[in-house]
Amino acid sequence: MYTNLAGKVFKVDNVIAGVVPRDDRCRFAASVLEEVMKELVKNRLGDMDAQMVDVIFENPANTQKLSPTFVVATRAAAAEGPAVLFRSYNCGEDYDADECKIWEVARCTSAAPTFFKPMFVRIPPRPGQWYLDGGLSHNNPARLALQEAGRIWPTVKRFCLISIGTGWQESIEFMDIKDSQAPEPSTPKGRLQTLLRRVPGIKTASMVKNAPNGFMELKKIAELVVQLSTIHHGLSDDSNSRDVGKRFPYYRFNVERGMECIGLEEWKAMVRIEELTARYMSEGPTERRKKECAEVLQKPPPVERN
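Residues numbered from 1 in each chain as written. Predicted model: local features only at pLDDT ≥ 70, side-chain atom pairs only at ≥ 80, totals over all residues. Heavy atoms only, no water.

### Considerations on the pairing of strand β4 (residues 129-133)
Quick note on the threshold: When DSSP finds two or more bridges between a pair of strands, those strands are recorded as paired. Helix numbers and strand numbers start at the N terminus; a helix is a DSSP run of H or I with at least 4 residues, a strand a run of E with at least 2.
Inspection of the sheet shows strand β1 (residues 70-75) paired to β4 by three bridges, in the antiparallel sense. Looking at the pairing, T74 lines up with L132 of β4.

### As for the pattern of salt bridges
Convention followed: For salt bridges, the criterion is a side-chain nitrogen of Lys or Arg within 4 Å of an Asp or Glu carboxyl oxygen. Burial classes follow relative accessibility: with a 1.4 Å probe on protein chains only, a residue under 20% of its type's maximum area counts as buried, one over 50% as exposed, and anything between as partly exposed.
According to the stated counting rule, one finds eleven salt bridges in the structure shown. Note that R87 is salt-bridged to E148, the shortest N-O span being 2.7 Å. Here R87 is found in strand β2 (residues 84-87), whereas its partner E148 is found in helix α5 (residues 142-152), with 61 residues between them in sequence. Assigned by exposure class, R87 and E148 land together as buried. Each of D13, R27 and E265 takes part in salt bridges that share partners, so that together they form one network.

### What to know about unusual backbone geometry
One non-glycine residue with positive phi stands out, namely T114, at about 80 degrees. Residue placement: T114 occurs in the loop between α4 (102-108) and β3 (119-121).

### Section: the confidence of the model for the protein chain
We apply this condition: How sure the predictor is of each residue is captured by pLDDT, a score from 0 to 100. Any two residues whose heavy atoms approach within 4.5 Å are treated as being in contact.
Mean pLDDT over the protein chain: 79, with 72% of residues reaching 70 or higher. Across the protein chain, α4 holds the top mean pLDDT of 96, while helix α6 (residues 188-196) sits lowest at 45. In this model, residues 185-210 is a region of pLDDT below 50 whose contacts with residues beyond four sequence positions or in other chains number 38 contacts. Under a pLDDT of 50 for its full length, residues 226-232 has, in the predicted model, 19 contacts with residues more than four places off or in other chains.

### A closer look at the side chain of N14
Looking at the element boundaries, N14 is found in helix α2 (residues 14-17). Classification of N14 by relative accessible area gives buried; the value is 13%.

### Remarks on α5
Spacing of three or four residues puts side chains on the same side of an α-helix, whose turn is 3.6 residues. Put simply, the test is: Picture the helix axis, draw a direction to every C-beta atom, and the arc is the one those directions span.
Restricting attention to buried positions, one finds in α5 the residues A142, L144, E148, A149 and I152. Here the buried residues of α5 occupy an arc of 150 degrees about the axis, which is enough to place them on one side. Close packing links the buried residues of α5 with β1, β2, β5 (161-164) and α8 (235-239).

### Regarding the packing of helix α9 (residues 270-282) against helix α10 (residues 284-298)
The condition that has to hold: What counts as an axis is a line fitted to C-alpha atoms, over the stretch in contact for a helix, and the angles between N-to-C directions run from 0 to 180 degrees. For classification purposes, an angle smaller than 35 degrees is called roughly parallel, one larger than 145 roughly antiparallel, one from 65 to 115 roughly perpendicular, and anything else oblique. Polarity classes work like this: nonpolar for Ala, Val, Leu, Ile, Met, Phe, Trp, Tyr, Cys and Pro, charged for Asp, Glu, Lys and Arg, and polar for all others, with Gly in that last group.
Across the interface, α9 lies against α10 with an axial gap of 5 Å and an inter-helix angle of 75 degrees. Taken as axis vectors, α9 and α10 run roughly perpendicular relative to one another. Contact residues: α9 offers Y280, M281 and S282, while α10 offers G284, T286, E287, R289 and K290. Looking at the contact of α9 with α10 residue by residue, the class counts come to two nonpolar, three polar and three charged.

### Some words on the side chain of S163
For S163, the position within the fold is in strand β5. Under the relative-accessibility criterion, S163 is labelled buried at 6%.

### Considerations on the pairing of β1
Where β1 and β2 come together, four bridges link them in antiparallel fashion. Along β2, the bridge assignment pairs V71 with F86.

### Quick word on the layout of surface pockets
Unfilled space is identified by rolling a water-sized probe across the atoms. For clarity, the cut-off: Lining residues are defined by having an atom within 4 Å of a point belonging to a cavity or pocket. Those points lie on a 1 Å grid over the protein atoms alone, cavities being sets where a 1.4 Å probe fits but cannot get out and pockets being open sets with protein on both sides within 12 Å along at least five of seven lines. Grid points are joined across faces, edges and corners, and a volume is the space filled by probe spheres set on the points.
Its boundaries defined by the atoms lining it, the second largest pocket holds a volume of some 800 Å³. What lines the second largest pocket is a set of 28 residues, among which A149, W153, F159, C160 and L161 lie closest to the centre. The biggest single contributor to the lining of the second largest pocket is α5, with five residues. Split into classes, the residues belonging to the lining of the second largest pocket amount to 22 nonpolar, two polar and four charged.

So this is what it looks like as structure tokens:
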């Protein structure tokens, strides 16, 4: 099912087709993605326009046991600012479940620059804002999850955190250092290739001068992606703090080899993704952490409260 849906979304690459609209400057049609998301929400909840607040986990009318869920987005006009969280739950006096459509939230966090255009969302009583993919500045929102857990259960002292990644990315190089000699002056072609290599899913070739129409339209967006790229560090150290009172169970599962070669749009690589994941999950260190994690979930330690 999901392979078919991905095939619909990524069927036409505007860059390859040479028809990138100048107002969108994106590789894929956001309208197709929106229709797919609406279909998924309708199949699951019966209403394609169901709101985040409609599935609030505290609602006694719900017949299913739901988990509080938040989705991370980035403000298009202030991407360097704090993350935006769309919530399905109330926590404290200042944070309520959002009265916006689930598919709109999904579009926000899928609006990866160069892939899909930003998404505009109105949340009463606010007039609305434009949003981009939350992964720009929070590609691993694990720390945000800990903060939110603290808001939902303010008296609980520590939580168990399980983080599932989508594969290691390639090293981010801000300089191309070939050897220890002084570098040659960069040519415009070299600078462009280096820049565009930072954009997920774009494979630069030696034939930049023969690139399809629309390829150059992505250059400015690519520059912003480089500026906003961040990698999450530090949670592992925090979970193993010297201060015993600050330690918490933390399990991170992330395929370490092979995923960096698979772009967001490469839905036909599903079999390869499954192969890489199966290999990673069966490796010794991962097997041990998987068993430890399962034991913690099956027999959690007593809840410690402040």
